[in-house]
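What follows is the residue order along each chain.
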Amino acid sequence: MSGRDLLGLPLAALAVFTGAKSFRDNPVLGSRWLNKHGLHVMRLKLAAKLAAGRRRLISRRIPAALRSEFEQNGFICIENFLPASEFRTLQKEVLNQPWSRYDMTQGRTTTRRVFLDGVQLQHSHRALFDLIHRQDVKDLIRYVAGTLAEPVFSLQAIFSGASGEQPDPQSTVHSDTFHSTAKAWLFLEDVQDDAGPLAYVPGSHRLSCDRLAWEKSQSLTAADSPIKYHARGSFRAHNADLKAMGLPLPHRFAVPGNTLVIADTHGYHCRTATKIQTTRVEVYASLRRNPFLPFGGLDVLSWPWFRERSGSLYLKAMDIGRRYGSIRMPWKHAGIGLLKQS
């Protein structure tokens, strides 16, 4: 171990009690000896216990049927979420007006995002503003994420099936990280079964004995994995791995427009691979925070001024990182235009 590595050890050790997940980039998290003696499993169990406690704080605001669906499957799926007239208005606002767009390409798939600010939507896009400020939507996302913090909303279009040599890394079944975190999609158009739908392994959000045993075995070698996402703590799983964890095959969300899906992406999921060119459009939300905070914590993004400017703040941080940081920014500005327009 070099002198530089030794100097970095205290910070690497402190990262154990944060959301840091990379086995390759952190010598403590990636230590075979420590993980053989239970470090990774300890983080999994402690994060799950704290998330369960935070869920209890808001469980009374979640309908019993939806709580039951989540506990069983790891996701909540609600068809016909908005009244038909409200949904049509939302579609027109999102699909028929120009936006400042950012693209990220992974293999044969391009993800397009519009980072939203509440203050900019209030007068010009009222249906979208009302949706992202709905208390029931936020509470459902918080419940699934196991945190009391503020979700971040975007518009999103997924362009799948383009030509290219590299596969989409998100088409392999994977877990985003070692702790509960939520992603939500309100699909604005019908999602066909052959058009790259979201897929989720029911029940894979739970820490069964089989899941813990598999996670421990992966933690021993993850730092040296040739698959960079696996090495960085987003474990990839094949059908044999799911079988070893006692899990079923993924459920595909080929659903009609106006369906809301919220999933704990600590569970195993993927963007289904497709050979045809297709586009999926949605209002998208995500919520991930430090899993080791015992309560909601002092979440700056929940303060009103920050909450209403989360999109521009993210873009500003991305610009600073691009100019002065060493981290390569994946999002490239794609101009102003319609969400689905090339």
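Structure first, text after, so check above.
Quick summary incoming for the structure in this document. Bear in mind that the values here come from a model prediction, so they are computed numbers and not experimental data. (Residues numbered from 1 in each chain as written. Predicted model: local features only at pLDDT ≥ 70, side-chain atom pairs only at ≥ 80, totals over all residues. Heavy atoms only, no water.)

### A few points about the layout of surface pockets
Next up, step 1: Approximately 2,100 Å³ is the volume attributed to the largest pocket.
Next up, step 2: Met104, Arg288, Tyr314, Pro330 and Trp331 are the residues nearest the centre of the largest pocket, which is lined by 48 residues in total.
Next up, step 3: For the lining of the largest pocket, the element with the most residues is helix α13 (residues 310–324), which contributes five residues.
Next up, step 4: Looking at the lining of the largest pocket, its residues break down into 19 nonpolar, 14 polar and 15 charged. (1 Å grid on protein atoms, 1.4 Å probe; cavity = no way out; pocket = protein on both sides within 12 Å on 5 of 7 lines; lining within 4 Å. Points joined across faces, edges and corners; volume = space filled by probe spheres on them. Helix = DSSP H or I, 4+ residues; strand = E, 2+ residues; numbered from the N terminus. Nonpolar A, V, L, I, M, F, W, Y, C, P; charged D, E, K, R; others polar.)

### Things to note about a positive patch on the surface
Next up, step 1: On the surface, Arg24, Lys228, Arg232, Arg322, Arg328 and Lys332 cluster together to form a positively charged patch.
Next up, step 2: Secondary-structure assignment places arginine 232 in the loop between α10 (228–231) and α11 (239–244). (Patch = residues over 30% accessible without salt bridge, like charges linked within 9 Å, V, L, I, M, F, W, Y side chains within 5 Å. Areas by Shrake-Rupley, 256 points an atom, 1.4 Å probe, with all protein chains shown as cover. Salt bridge = Lys/Arg side-chain N within 4 Å of Asp/Glu carboxyl O. Lys, Arg positive; Asp, Glu negative; His and termini not counted. Charge placed at Lys NZ, Arg CZ, Asp CG, Glu CD.)

### Comments concerning the side chain of arginine 236
Next up, step 1: Here arginine 236 is to be found in the loop between α10 and α11.
Next up, step 2: Of the buried charged residues, arginine 236 lacks a salt bridge, with aspartate 176 as the closest side chain of opposite charge at 6.2 Å.
Next up, step 3: Among the polar contacts made by the side chain of arginine 236, one reaches the main-chain carbonyl oxygen of proline 169 at a distance of 3.0 Å.
Next up, step 4: When near neighbours in sequence (up to four residues on either side) are disregarded, arginine 236 contacts Pro169, Gln170, Thr172, Val173, His174, Trp214, Tyr229, His230 and Asp241. (Buried < 20%, exposed > 50% of the residue type's maximum accessible area, 1.4 Å probe, protein only. Polar contact = N/O pair within 3.5 Å; in protein donor to acceptor, adjacent residues only side chain to side chain. Contact = heavy atoms within 4.5 Å.)

### Digging into the packing of aromatic side chains
Next up, step 1: Counted by the stated rule, this structure contains 14 aromatic pairs.
Next up, step 2: Judged by centre distance (6.0 Å) and plane angle (25 degrees), the ring pair of phenylalanine 178 and phenylalanine 292 falls under stacked. Residue phenylalanine 178 is located in the loop between β4 (152–160) and β5 (182–187), and its partner phenylalanine 292 is located in the loop between β10 (278–287) and α12 (304–307); the two are separated by 114 residues in the primary sequence. Just as phenylalanine 178 is buried, phenylalanine 292 falls in that class too.
Next up, step 3: Plain terms: the ring middles of tryptophan 303 and phenylalanine 306 are 6.0 Å apart, the flat faces sit at 65 degrees to each other, and that makes the pair edge-to-face.
Next up, step 4: Residue phenylalanine 306 is classed as partly exposed on the basis of its relative accessible area, which comes to 26%. (Phe/Tyr/Trp six-rings, centres within 6.5 Å; stacked < 30°, edge-to-face > 60°.)

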